[in-house]
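What follows is each chain in one-letter form.
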Amino acid sequence: MENIPYFDFSSFPLNSENILNQIELSAGKEFNSIFINFGEFFPWSEDTVSNSKFAYSDKLIDKIVNICNANNVNLIPVISVLINCDFILKNKKYKYLLNEGLLHNGLDISSCGAVKLLEQLIDDIFSLTLSSNYLLLEFPVITNKESKGNIVELINPLINRLTEHLLTMNKSLIIGWNKNKQTNELKYYFKKNKVILMNYFKTYPVRKGKYYNIDINDFSVKINGIEYTVSKFSGTDCFIGNLNIGNFILSEFNKDEYTKILDILDSFYLILNSIWDYIRISWENLSFFYNNIETVPRLKFIRSVHLLKQKYVNFEDERISAFNIFENYFQPDFFKNWMDGKSNSIINQINILESIARQMSDGQ
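In this text the structure is predicted, and so the values were computed from the model without any measurement. (Residues numbered from 1 in each chain as written. Predicted model: local features only at pLDDT ≥ 70, side-chain atom pairs only at ≥ 80, totals over all residues. Heavy atoms only, no water.)

Asker: Which parts of the structure should I look at to understand empty space enclosed by the protein?
Answerer: Where empty space is left can be seen by rolling a probe of water-molecule size over the atoms. In the structure shown here, the tally under the stated rule is four cavities of 30 Å³ or more. By volume, the largest cavity is sized at about 50 Å³. Along its surface, the largest cavity is lined by Asn37, Gly39, Glu40, Trp44, Val78, Ile79, Ser80, Val81, Phe87 and Leu121. Split into classes, the residues belonging to the lining of the largest cavity amount to six nonpolar, three polar and one charged. The space that makes up the second largest cavity amounts to roughly 50 Å³. Around the second largest cavity, the lining residues are Tyr6, Phe7, Asp8, Phe9, Gln22, Phe233, Ile240, Gly241, Leu243 and Ile245. Looking at the lining of the second largest cavity residue by residue, the classes come out as seven nonpolar, two polar and one charged. (1 Å grid on protein atoms, 1.4 Å probe; cavity = no way out; pocket = protein on both sides within 12 Å on 5 of 7 lines; lining within 4 Å. Points joined across faces, edges and corners; volume = space filled by probe spheres on them. Nonpolar A, V, L, I, M, F, W, Y, C, P; charged D, E, K, R; others polar.)

Asker: Sorry if this is basic, but what is going on with the pairing of strand 1 (residues 2-8) here?
Answerer: The side chains of a regular strand alternate, first on one face of the sheet and then on the other. Most of strand 1 is tucked away: five of the seven residues are buried. Summarising the sheet, strand 1 and strand 8 (residues 226-235) pair through five bridges and their orientation is parallel. Its bridge partner lying in strand 8, proline 5 is registered against serine 231. At this point the chain moves from strand 1, through helix 1 (residues 16-27), to the parallel strand 2 (residues 33-37), and the crossover so formed is right-handed. (Buried < 20%, exposed > 50% of the residue type's maximum accessible area, 1.4 Å probe, protein only. Helix = DSSP H or I, 4+ residues; strand = E, 2+ residues; numbered from the N terminus. Pairing = 2+ DSSP bridges. Right-handed = clockwise from strand over helix to strand, strands pointing away.)

Asker: What is the right way to look at the environment of tyrosine 312 in this model?
Answerer: Of note, tyrosine 312 is situated in helix 10 (residues 295-326). Judged by relative accessible area, which is 17%, tyrosine 312 ranks as buried. In contact with tyrosine 312, not counting residues within four places along its chain, are Ile275, Ile346, Ile347 and Ile350. (Contact = heavy atoms within 4.5 Å.)

The structure is reproduced here in structure tokens:
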């Protein structure tokens, strides 16, 4: 069984050099095909969805396509908005596509506008990947309970329209589905509609840390009679986009190098969780003080704020270490903004608690 790497560039926007390096290395290793998920950072057209300021450029997509064509690699783009659609739903005009009653956090495929939006996304994808013959559409786990009836009846309009839409471009549809929730009726339905099914079948750990883990998700898919295993990294906060899944498949994954990097991430998340524990303890001590006029609760609160400030110094050291390692992996300013989002809320909490502790110390 041949292997296919699934590159997930969808959550943290890597810089162009990092992405091209991964694609070039994999294309040179004679992979038959590769899957790429650009997610919200694909350069969507203005008429489709709001573009991220960190969106990949058209030129980058062109370079990826050229590398794949030059090495006879079939590039299979991925659309995963049925699972992860936050970047779409932040646009108010698409709020109606989210059904609060669903058991998954994605677009409601039964809503009247979902298929039209998917068609627009597909057109955008293939406008830059003309030589691609397939599209992977990732589905959430959908149950009979959720659909309140036959699952086939729920997805039938969607599949019919999308397959017809792709046929007009001479493209084929691959659906990513969880086999644990799949029925024989669905198998027959997909086969009848000439839809290729990509089944999840195994997950195993690559690295188990205390706060940062990396797993491999394996899927099976049969294309043109050839059966493949599609392998994809999964991990915390999607730093995994920086790891070359192609090298892992070929046993060329530098575990020592990445262990050092991932240890830094583990340490960062450890101190991040710890400092929020100290913030919680400080507020609990303050609450106890308000319910007790004795001196001990006052001193206990002031002491907890003092320890919190000391902990923040350690957090800053870990933050700087992580920043120095990861800043250059991503597009300019992205990682700084991400780090600022983690630290600014902490600083606000410390400032409030420190102000109250100062007032207590001054006898106010």
